[in-house]
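# Analysis of the macromolecular model
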Amino acid sequence: MSVLVYTESEKGSFKKTALEVASYAKAIANQLGTTVTAIAINADDVSTLGNYGVDKVLSVKNAQLDKFNANAYAAAIKQAAESESSKVVVVSSSADSKYLAPLLAVGLNAGYASNVVEAPSNTSPFTVKRSAFTNKAFEIAQINTDVKIVGVSNNSFGLVENSGSASAEDFSPSIPELGVTVESVDKATDKVTIADAEIVVSAGRGLKGPENWGMIEELADVLGAATACSKPVSDLGWRPHSEHVGQTGKPVASNLYIAIGISGAIQHLAGINASKVKVVINTDPEAPFFKAADYGVVGDAFQVVPELIEKLKAFKAQQ
Amino acid sequence: MKILVCISHVPDTTSKINFTDGDTKFDTNGVQFVINPNDEFGLTRAMWFKEKQGATVSVVNVGGAETEPTLRKALAIGADAAIRVNTPATDAFSVAKQLAKVVKDGGYDLVIAGRESIDYNGGMVPGMIAGLTEANFVNNCINLEVDGTSAKAIREIDGGKETVSTSLPLVIGGQKGLVEESDLRIPNMRGIMMARQKPLTVVEPIDVSAETTSVSFEKPIPKGAVTLVSPDNLDELVSLLHNEAKVI
Ligand SMILES: Cc1cc2nc3c(=O)[nH]c(=O)nc-3n(C[C@H](O)[C@H](O)[C@H](O)COP(=O)(O)OP(=O)(O)OC[C@H]3O[C@@H](n4cnc5c(N)ncnc54)[C@H](O)[C@@H]3O)c2cc1C
Ligand SMILES: Cc1cc2nc3c(=O)[nH]c(=O)nc-3n(C[C@H](O)[C@H](O)[C@H](O)COP(=O)(O)OP(=O)(O)OC[C@H]3O[C@@H](n4cnc5c(N)ncnc54)[C@H](O)[C@@H]3O)c2cc1C
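Residues numbered from 1 in each chain as written. Chains lettered and ligands numbered in written order. Predicted model: local features only at pLDDT ≥ 70, side-chain atom pairs only at ≥ 80, totals over all residues. Heavy atoms only, no water.

Keep this limit in mind: UniProt positions are given in the numbering used here, feature names are shortened, and annotations may be inferred rather than shown by experiment.
An unreviewed UniProt entry lists chain B under the name Electron transfer flavoprotein subunit beta, with Flaviramulus basaltis as the source organism. Quoted straight from UniProt, the Sequence similarities (unreviewed entry) entry for chain B says "Belongs to the ETF beta-subunit/FixA family."

As annotated in an unreviewed UniProt entry, chain A carries the name Electron transfer flavoprotein alpha subunit and comes from Flaviramulus basaltis. Reading the Sequence similarities (unreviewed entry) entry of the UniProt record for chain A gives the comment "Belongs to the ETF alpha-subunit/FixB family."

## Focus on the interface of chain B and chain A
Basically, it comes down to this: Only heavy atoms matter for contacts: two residues are in contact if any of them lie within 4.5 Å across the pair. The buried area of a pairing is the accessible area, by a 1.4 Å probe, that goes missing from both parts when the two are put together, added over both. Whenever Lys or Arg places a side-chain nitrogen within 4 Å of a carboxyl oxygen from Asp or Glu, that contact is recorded as a salt bridge. Whenever a nitrogen or oxygen atom comes within 3.5 Å of another N or O atom, the pair is scored as a polar contact, on the condition that within protein one atom can donate a hydrogen and the other can accept it, and that pairs from neighbouring residues in sequence are kept only if both atoms are in side chains. Helix numbers and strand numbers start at the N terminus; a helix is a DSSP run of H or I with at least 4 residues, a strand a run of E with at least 2. Three categories are distinguished: nonpolar for Ala, Val, Leu, Ile, Met, Phe, Trp, Tyr, Cys and Pro, charged for Asp, Glu, Lys and Arg, and polar for the others, with Gly belonging to the last. Two strands make a pair as long as DSSP finds a minimum of two bridges between them.
At the interface, 73 residues of chain B touch 82 residues of chain A. Where chain B abuts chain A, roughly 6,700 Å² becomes buried across the two surfaces, and 58% of that area is made up of carbon and sulfur atoms. The three residues of chain B that bury the most area against chain A are D158, K223 and L234 of chain B, which together make up 10% of that side's buried surface. Seen at the junction of chain B and chain A, the total is seven salt bridges. The salt bridge partner of K223 of chain B is D294 of chain A, with a shortest N-O separation of 2.9 Å. Where chain B meets chain A, there are 39 residue pairs in polar contact (both at pLDDT 80 or more). Elements with a minimum of two residues in the side of chain B that touches chain A: α3 (92–106), α4 (125–133), β9 (136–147), β10 (150–157), β11 (160–167), β14 (212–218), β15 (227–228) and α6 (234–244) of chain B. Here the side of chain B that touches chain A is built from residues that sort into 32 nonpolar, 22 polar and 19 charged. Across six bridges, strand β10 (residues 137–143) of chain A lies against β14 of chain B in antiparallel orientation.

## Quick notes on the domain arrangement of chain A
Residue and element names in this part refer to chain A. How we decide: By convention here, the domain bounds are inherited from an automatic or database domain assignment.
Assigned domains within chain A: domain 1 (3–170) and domain 2 (199–318). Averaged C-alpha coordinates put domain 1 and domain 2 at centres separated by 31 Å. In this assembly, five residues from domain 1 lie in contact with 10 residues from domain 2. For the domain 1 and domain 2 pair, buried surface summed over both sides reaches about 640 Å², with 41% attributable to carbon and sulfur atoms. When residues of domain 1 are sorted by the area they lose upon contact with domain 2, T134, N135 and N155 head the list and together hold 70% of the total. For the pair domain 1 and domain 2, the number of links is four residue pairs in polar contact (both at pLDDT 80 or more). Class assignment of the residues belonging to the side of domain 1 that touches domain 2 gives a composition of no nonpolar, four polar and one charged.

## Overview of the UniProt feature "binding site: FAD" (unreviewed entry) in chain A
All names here are of chain A. The cut-off we apply is this: The classification of residues rests on relative accessible area computed with a 1.4 Å probe and restricted to protein chains. Under 20% of the type maximum is buried, over 50% is exposed, and intermediate values are partly exposed.
The feature "binding site: FAD" (unreviewed entry), as annotated in UniProt, sits at R205, G261, I262, S263, G264, A265, I266, Q267, H268 and N282 in this numbering. For H268, the location among the structural elements is in helix α6 (residues 266–272). Among the residues examined, H268 registers a relative accessible area of 7% and is labelled buried. In this structure, H268 is in contact with S202, C229, S230, V245, G246, Y257, I262 and F289, ignoring residues within four places of it in sequence.

## Description of the layout of surface pockets
All names here are of chain B. Applied cut-off: Using protein atoms alone on a 1 Å grid, points that fit a 1.4 Å probe yet trap it form a cavity, whereas open point sets bounded by protein on both sides within 12 Å along at least five of seven lines form a pocket; residues with an atom within 4 Å of a point count as lining. Grid points are joined across faces, edges and corners, and a volume is the space filled by probe spheres set on the points.
A volume near 1,200 Å³ is recorded for the second largest pocket. A89, T90, D91, D119 and Y120 are, among the 46 residues lining the second largest pocket, the residues nearest its centre. Grouping the amino acids of the lining of the second largest pocket by side-chain chemistry returns 21 nonpolar, 17 polar and eight charged.

## Focus on the sheet that holds strand β16 (residues 256–260) of chain A
Here is the rule: Structural elements are reduced to axes, namely lines fitted to C-alpha atoms, with helices fitted over the stretch in contact, and the angle between N-to-C directions of any two is expressed from 0 to 180 degrees.
Across the sheet, which stays open at both edges, the six strands sit in the order β15(A)-β14(A)-β16(A)-β17(A)-β18(A)-β15(B) with parallel pairing between neighbours. Looking at which strands have only one partner, the edges of the open sheet turn out to be β15 (226–229) of chain A together with β15 of chain B. Pairing between strand β14 (residues 199–203) of chain A and β16 of chain A: five bridges, direction parallel. Within β16 of chain A, the position partnered with I199 of chain A by the bridge is L256 of chain A. Each of β14, β15 and β16 of chain A touches helix α4 (residues 214–223) of chain A; the most contacted strand, β14 of chain A, lies at about 170° to it.

## Side note on the nonpolar core
What counts here: Buried Ala, Val, Leu, Ile, Met, Phe, Trp, Tyr and Cys residues form a nonpolar core when they are joined through side-chain atoms within 4.5 Å.
Counting 90 residues, the largest nonpolar core has I39 of chain A together with L43 and L144 of chain B as the members making the most contacts within it. Setting aside chain neighbours within four positions, we find L43 of chain B in contact with V5, I35, V57, V59, A74, I77 and A79 of chain B. A203, I258 and Y295 of chain A together with L240 of chain B belong to the second-largest nonpolar core, a separate cluster that totals 39 residues.

## Things to note about the pattern of salt bridges
As enumerated under the stated definition, the model contains 28 salt bridges over all chains in all. The partner of E243 of chain A in a salt bridge is R239 of chain A, with the nearest N and O atoms 2.9 Å apart. Like R239 of chain A, E243 of chain A is buried. One network of salt bridges, in which partners are shared, links K231 and D235 of chain A together with K176 and E181 of chain B.

See below:
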């Protein structure tokens, strides 16, 4: 009956979202008066999960699962849920988790609520709050099935430390036919991704051209942030598509979002609204973004950004 | 190749989102409905397959009669036939079960759906169709090539992309990249006229129960006014972000 949580790892170490979903699973387990079991796939130091409320870890080590495969991962999680008789399965909102969760829902015949932003307000009926209409509203949804899957929105719940310890158990699920084979992966490994970043530095058409992105990358570097851009910037080929954020691009739910030379069109705001604190730097005091921001600087990016970089470097040096 | 494109009928991206009936219903008053943007990229890719490799393209929506103009638009863009499953779409799993039935009955080789709908943002339907029909599944698909029964796709992952190989029958959750913005087609008069002659079949739903139900909606708490910092005093911005917002 324990709550099952899928804790994602990359090259053996848990991602931050794994610790967040573990914290979330612990909150549900407290509500239900049960324990938390995590399933970890090819992760190294599984005992760290104990610090976030996990009681037991089903540790899968299987070379076939070195590369992510939605079918195989969903099958492994399904078998873990069955062996634990779990009624609630918690996953993150990473691209991989969102890929496997619908397959898992079919496998477990479970209702699935994605983009959930809070612990359930009630466990019977099982009621959660999820973001919908691209962050323009929240939906209160009820999951009616016996087994339930909750997809937690990144950065919505946070990490909750717990002074427990987790026992580890080897778990060897049977792996179905993969169906989809990864041929190659093209990924910048030295950069934080928009999905994992606590801070995102984003720039728009106000930057005039791709040659001006040096200062944006430097600002991101100083802050340990990911870089993003508005849609026209990726459409113009100034920046890669993978940086396009907004309603039709990637969603952003960071702690801090810095928008530079972005007007704040409704479709842009929709995708980034889940970020907690928004800073806007724009020459036009009438730019709609100022209405959506917490802090604003009316000024020329080409002056403000280099100066802000210097100030931040000085600040970091003091820390 | 038989292609089925799943079309979600969604409020235009500029729509104001409001609710009625004690915040339990989405207020459609004055809202313009469109083909879900992710589905429009998918539909355009399907037209490419039809024109370059030979394929028949059907479009499908699960919804009430009010979605028919959206299906007609897909026909005007070039789809050959449309199907509407005559039941209100109220939860993703039920929608996926209706669509899985259409896929099985029609014997489609390739099902193109969107990565997510821009209204309910479930991101569930394509994967569920794949699970229910036991087809291969590629999500966040930004490129797709089909050769006979084998397929090569590129999928966006956090921080990059991944090239995968797979085979038909296949379901994809597609998005921009399948085609570019500039490839999207605005239906012309001829297309609109031809669309009137094309079949739009209404099929009755199968019996399914709702796995999830929507209880009510809330709007985010309105934001307080922005705190403006002078460009000559960026130390203050750093200090506010550190001491007040506590984000650096
Ligand atoms: C269906 C649909 C979906 C869309 N989806 C998205 C989406 O997902 N994401 C997205 O971003 N957009 C999306 N858009 C586009 C959106 O409507 C806007 O066109 C876009 O966000 C504008 O990008 P921008 O802010 O970079 O450019 P602009 O609107 O051109 O704004 C540039 C800003 O830079 C400022 N500026 C100029 N010079 C400087 C300077 N030197 N220093 C500082 N500021 C300066 C200007 O004052 C201006 O406010 C979508 C549109 C549609 C129709
Ligand atoms: C109370 C309530 C009322 C609703 N009323 C309506 C309504 O009147 N009309 C309506 O269309 N939706 C309505 N919906 C939305 C409906 O629930 C969604 O179609 C369904 O839940 C899937 O949404 P999703 O965001 O999970 O889809 P996602 O999984 O995010 O969608 C991904 C893709 O699946 C395909 N897809 C999704 N939904 C459909 C569909 N209905 N038909 C064909 N393909 C689809 C599309 O290719 C789409 O891009 C309503 C939802 C609620 C909660």
